Amino acid sequence: MPVSSGRAKSGAHSVLRTAFMVAAAFLFLNSCGNDRFTYGTPLITFSVNPGPFTAYIAEIDQIVLTRTDNTPVYPLLQPQIVDFTKLADTPEVFGAPAIIEGSYISATITVNYGSSLYQPSGALLFMNVNGKSTQVTPVDTSGKGTAATSVSYTVKFDPNNPLVIKHGVSTPLDFNFDLSASSLVNTTTSPRQVTVRPYMTATTKPNYSKPMRARGVYVTTEVANNNFTINSRSFFDTAGQPVGAIGVQTDGNTVFNINGTIYQGSAGLTALNQLQINSIVEAFGKFGDLNNVKPTFIATQVYAGVAVENVLTVRITGTISSRSGTTLHIKGAELETFNSTTPIGEYVTFQDDLTMTIGPQTVVNVDGHPELKNVTTDYLSVGQQVDMEALAVTDSSGAVVKDAAGNPTWTVAGGLVRLTPTTGWAVQNSAPASGISANLISLGGFDPATLNFTGTNSVPAAYTVSTTGLNTSTLAANPVFRFDGLVAPFGMAPPDFIADSVATPTATDQVLTVEWSGNGTATPFITKDANGLVVNITGGSLGATHTVQTGLLSVPNASTTIDLTSPAVNPVIVADPTLTAQFSVGNPASTASPATGIALFNSYSSFLTQLNTVLNGTNTILKLVAVGKYDTATNTFTAHSINMVQFQ
């Protein structure tokens, strides 16, 4: 299996020329007859508020930005396939397209759940049902179980913070998809049905608090200045039109993985400089200087070549759920298959369990750990999250060998495996100075009961997490904690896990979710004023969900879930003073005329004014989702995000 080269494509000058011509034609078509125009750069990102899904693969068909003079512009050059669950911990930099100057007041978004040229199977939504990632059916809001197709709706920017595009600078614009607010789950059907109201908001004042991924095609490197340039190509896209240039700044600590070889600092840039033009590159980090047309992204890690793309193989990501000799099972496997018939060049599928074989020639890299040299396949152990370049196993006649469930089997015996950062949640049993004994809640995104630890020496109820070199003093206040890092090599526990970081629930986002039954409630709050929103839990008409959850919403657990009805509590939601508010109310699936749409506000006072208008005694609310921190002593939820789904 080749691991030394990626896809050959056309040169940088043609890429830049094509991107410029597209931008120029786009601007001409939207110049409204003006003889002269100027343009700036919206720096578009996509983020997610988490939900109960193990996969949520859908198609963003179109985004239309509307200027104050009603001029529409189209920053999305073609539809994109997105797995929104991937963005909860790592937001995506979509790109930096050129659009005409001006003040923009709204964005109209179209999300497609039906079959298309881009995603022939239609949307793929999976939920944890009795430990198995099970496909669920997206249905529309008619209440008749009709398959969902295309949904278009408008998001209004905060009137005090419209999208203002200026010449020569990059202006942040974040689209946030709320997986909980977008979904009403019916557990009484088989398969389960999810009524979809794709609740995506847009803000010009985003909270960029998490590491982001910037992805694109390689253009050029300036080794002396410690930077390189990519043309944005986000999500799974390997063949579409690039969406603006991004400058990526590195330093001596930046770790590079170029075609399976690890470098650090300038050595990585030198290796990157040898790449073929248009090779796919992924950088992880944060934004830097935005005072130019080409925004700057500061990278801590860079991956390129077959470390992220190889058209001769299938890219498979997931979690190792068992190992027996050279045979692995991958749970929550997402497959990216090169397909020249789709405009993005990839076909994306998902399955709960996948059979994979390894061999002595398998190349193993550990993301974020350049000090780990000559890593062997011993590091492929249960619970570890992986990124693999694999081939289907075939017999002597060339037919694909299938497993007992009828799915193809795969091999990475001669290919590349990246061990990606793995996340776990657990309840502490004890906390010695150099490690923690804990009862696992989830590992690698899944319930430990669905993983087979045979051969690892690990016991999920007494799972040892090495915390050498980490400050664990904050963990004493709460037995539940999150840990991120690397699973110990197979059969070499204890310790079972080597942590790079640990965190308490209050150091992470928690999610308050309340549903109301039927057509919703006209009284979601007992009171709403400058002191906060007192949620009406005891007033009746509650739906199936009324919880505060910590950790993965797809792995419910009594240790991480507070039922607000047992005992009954009317929590008060207050605005987080340390972060810019993202508060919204509306209905993306409205059939009213005019359509309700979604209104977003960056201040609590403006949001409260809108609530007093919306909650007029007639309008009803179906669902409330808030993201922030919950204080159980005072029943106060301090939120930086509130999304309220109207019925109409």
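Residues numbered from 1 in each chain as written. Predicted model: local features only at pLDDT ≥ 70, side-chain atom pairs only at ≥ 80, totals over all residues. Heavy atoms only, no water.

1. A closer look at the nonpolar core
1) Next: The biggest cluster of nonpolar side chains holds 62 residues, and the ones touching the most others in it are Phe46, Tyr56, Leu65, Phe84 and Phe175.
2) Next: Per-element tally for this core: the top contributor is strand S2 (residues 53-67), with eight residues.
3) Next: With residues up to four places along the chain from it excluded, the contact list for Phe175 reads Ile44, Thr45, Phe46, Ser47, Ile63, Ala107, Ile109, Met200, Thr201 and Ala202. (Core = buried A, V, L, I, M, F, W, Y, C linked by side-chain atoms within 4.5 Å. Buried < 20%, exposed > 50% of the residue type's maximum accessible area, 1.4 Å probe, protein only. Helix = DSSP H or I, 4+ residues; strand = E, 2+ residues; numbered from the N terminus. Contact = heavy atoms within 4.5 Å.)

2. Focus on the pattern of salt bridges
1) Next: Scanning all chains against the criterion turns up 14 salt bridges.
2) Next: Between Glu282 and Arg213 there is a salt bridge, and its shortest N-O distance comes to 2.8 Å. With a gap of 69 residues between them, Glu282 in strand S21 (residues 280-287) and Arg213 in strand S16 (residues 212-222) connect regions that are remote in the sequence.
3) Next: Between Arg215 and Glu282 there is a salt bridge whose closest N-O contact spans 3.9 Å. Of this pair, Arg215 sits in strand S16 while Glu282 sits in strand S21, and the two are 67 residues apart along the sequence.
4) Next: The network of salt bridges with common partners includes Glu92, Arg213, Arg215, Glu282, Arg315, Asp367, Asp387 and Arg418. (Salt bridge = Lys/Arg side-chain N within 4 Å of Asp/Glu carboxyl O.)

3. Structural notes on the pairing of strand S24 (residues 327-338)
1) Next: Both strand S23 (residues 314-324) and S24 contribute to a ladder of nine bridges, which runs antiparallel. By the bridge assignment, Ser324 is partnered in S24 with Thr327.
2) Next: In sequence, S23 turns back onto S24 through a hairpin of two residues, with Gly325 there showing a positive phi of about 65 degrees. (Pairing = 2+ DSSP bridges.)

4. Quick notes on the confidence of the model for the protein
1) Next: Confidence along the protein averages 89 in pLDDT terms, with 93% of residues attaining 70 or more.
2) Next: Ignoring residues within four places in sequence, the model shows residues 1-35, a span with pLDDT below 50, making 72 contacts including any to other chains. (pLDDT = per-residue confidence, 0-100.)

5. Overview of the sheet that holds strand S30 (residues 422-430)
1) Next: Strand order in the closed barrel formed by five strands is S30-S31-S32-S34-S33, with mixed pairing between adjacent strands. When the angles between neighbouring strand axes are averaged without regard to direction, this sheet yields 55 degrees. (Axes fitted to C-alpha atoms, helices over the stretch in contact; angles between N-to-C directions.)

6. Let's talk about the side chain of Thr508
1) Next: With respect to the secondary-structure elements, Thr508 resides in the loop between strand S34 (497-503) and strand S35 (510-516).
2) Next: Residue class for Thr508 comes out buried when judged on its relative accessible area of 12%.
3) Next: A distance of 2.8 Å separates a polar atom in the side chain of Thr508 from the backbone oxygen of Pro505.
4) Next: The contacts of Thr508, once residues within four sequence positions are left out, are Trp425, Arg482, Ala503, Gly628 and Lys629. (Polar contact = N/O pair within 3.5 Å; in protein donor to acceptor, adjacent residues only side chain to side chain.)

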